[in-house]
Amino acid sequence: PVSESFTSSGTFSVPAGITAADVLVVAGGGSGGSVYTSGAGAGAGAGGLIFFPAYPLTASGTITVAVGNGGAGASNSGDAAGNNGQNSVFGSPGDPGLGQGGILTSIGGGYGGPTSGNGGGSGAGGANSGSAHNGATAQQPTQPGNSGAYGFGSPGGNAGGPGPYGNGSAGGGG
């Protein structure tokens, strides 16, 4: 099988005679938070993903591919939130290679904060900044109108209680 992957934005040229392909779109992950005083900032969420088996294509056409970056790091000068990861997108309106599958968008991962995380493709974890905080929700849906596309994202884990032996809950699977 032939495959093509993108680590930066570009254009996918559909080979002649190809009318379907398995498409995987993964967004950028978020960045974690920082805490200046005590405790630990929230970890960030992974980018959401979309998988569409046998995505319909138009042979010999082109499709725009936008690859989302990971979130920029949090400031190290005090309590600070990280940044969400960027969305990744397969297709753009009017692309000559876009078949009936529509545009696929994976949502960037949520950022971690000094006390709690933010929702995203996968939610960020909770922080322990003197007290435990809950993880954030996942926001990656199955794509509307695309009966063959599957969306995946998981909630962030909760932080453990205060003290040196607080146990956090597990984060969601990727």
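Structure first, text after, so check above.
The structure reproduced in this document is the subject of the present report.

1. Digging into the overall build of the protein
Thinking step 1. When its secondary structure is counted, the protein shows zero helices and seven strands.
Thinking step 2. Listing every helix and strand of the protein by position from the N terminus yields β-β-β-β-β-β-β.
Thinking step 3. Of all 174 residues assigned to the protein, the portion counted as buried reaches 39%.
Thinking step 4. Contacts spanning at least 24 positions in sequence make up 65% of the contacts within the protein whose residues lie at least 6 apart.
Thinking step 5. As displayed, the protein has an accessible area near 8500 Å², and 51% of this comes from carbon and sulfur atoms.

2. Considering the environment of Phe 152
Thinking step 1. Note that Phe 152 resides in strand β7 (residues 150–152).
Thinking step 2. Counting along the chain gives 103 residues from Phe 152 to Leu 49, while the straight-line C-alpha distance between them is 5.4 Å.
Thinking step 3. Setting aside residues no more than four positions away along its own chain, Phe 152 makes contact with Gly 48, Leu 49, Phe 51, Gly 121 and Gln 140.

3. Focus: the sheet that holds strand β2 (residues 20–26)
Thinking step 1. If you walk across this open sheet you meet the three strands as β2-β3-β7, and the pairing is antiparallel. Either end of the sheet is taken by a strand with one partner, and the two such strands are β2 and β7. Averaged over all pairs of adjacent strands, the angle between their axes in this sheet comes to 15 degrees, without regard to strand direction.

4. A short note on the nonpolar core
Thinking step 1. Formed by 13 residues in total, the largest nonpolar core has its most connected members in Phe 12, Tyr 55, Leu 57, Ile 63, Phe 90 and Leu 104.
Thinking step 2. Sorting elements by how many residues they give to this core places strand β3 (residues 49–56) first, with three residues.
Thinking step 3. When sequence neighbours within four positions are dropped, the list of residues in contact with Leu 57 reads Phe 12, Val 14, Ile 18, Thr 19, Ala 20, Ala 21, Ile 63, Phe 90, Gly 97 and Gly 99.

5. With respect to the sheet that holds strand β5 (residues 88–90)
Thinking step 1. Pairing is antiparallel across the open sheet formed by four strands, whose spatial order is β1-β4-β5-β6. The sheet terminates laterally at β1 (10–13) and β6 (104–106), the two strands that pair on one side only. Pairwise comparison of adjacent strand axes, ignoring direction, gives a mean angle of 20 degrees for this sheet.
Thinking step 2. Judged from the three bridges that link them, β5 and β6 form a sheet pairing that is antiparallel. Bridged to Ser 88 within β6 is Ser 106.

6. A few points about unusual backbone geometry
Only a minority of non-glycine residues have a phi that is not negative, and only a minority of peptide bonds are not trans.
Thinking step 1. A positive phi angle is found at Ala 54, which is not glycine, with a value near 55 degrees.
Thinking step 2. Position of Ala 54 relative to the elements: it lies in strand β3.
Thinking step 3. Positioned with a positive phi, Ser 60 is a non-glycine residue whose angle comes to about 65 degrees.
Thinking step 4. Note that Ser 60 resides in the loop between β3 and β4 (62–66).

Rules behind the numbers
- Residues numbered from 1 in each chain as written.
- Predicted model: local features only at pLDDT ≥ 70, side-chain atom pairs only at ≥ 80, totals over all residues.
- Heavy atoms only, no water.
- Helix = DSSP H or I, 4+ residues; strand = E, 2+ residues; numbered from the N terminus.
- Buried < 20%, exposed > 50% of the residue type's maximum accessible area, 1.4 Å probe, protein only.
- Contact = heavy atoms within 4.5 Å.
- Areas by Shrake-Rupley, 256 points an atom, 1.4 Å probe, with all protein chains shown as cover.
- Pairing = 2+ DSSP bridges.
- Axes fitted to C-alpha atoms, helices over the stretch in contact; angles between N-to-C directions.
- Core = buried A, V, L, I, M, F, W, Y, C linked by side-chain atoms within 4.5 Å.

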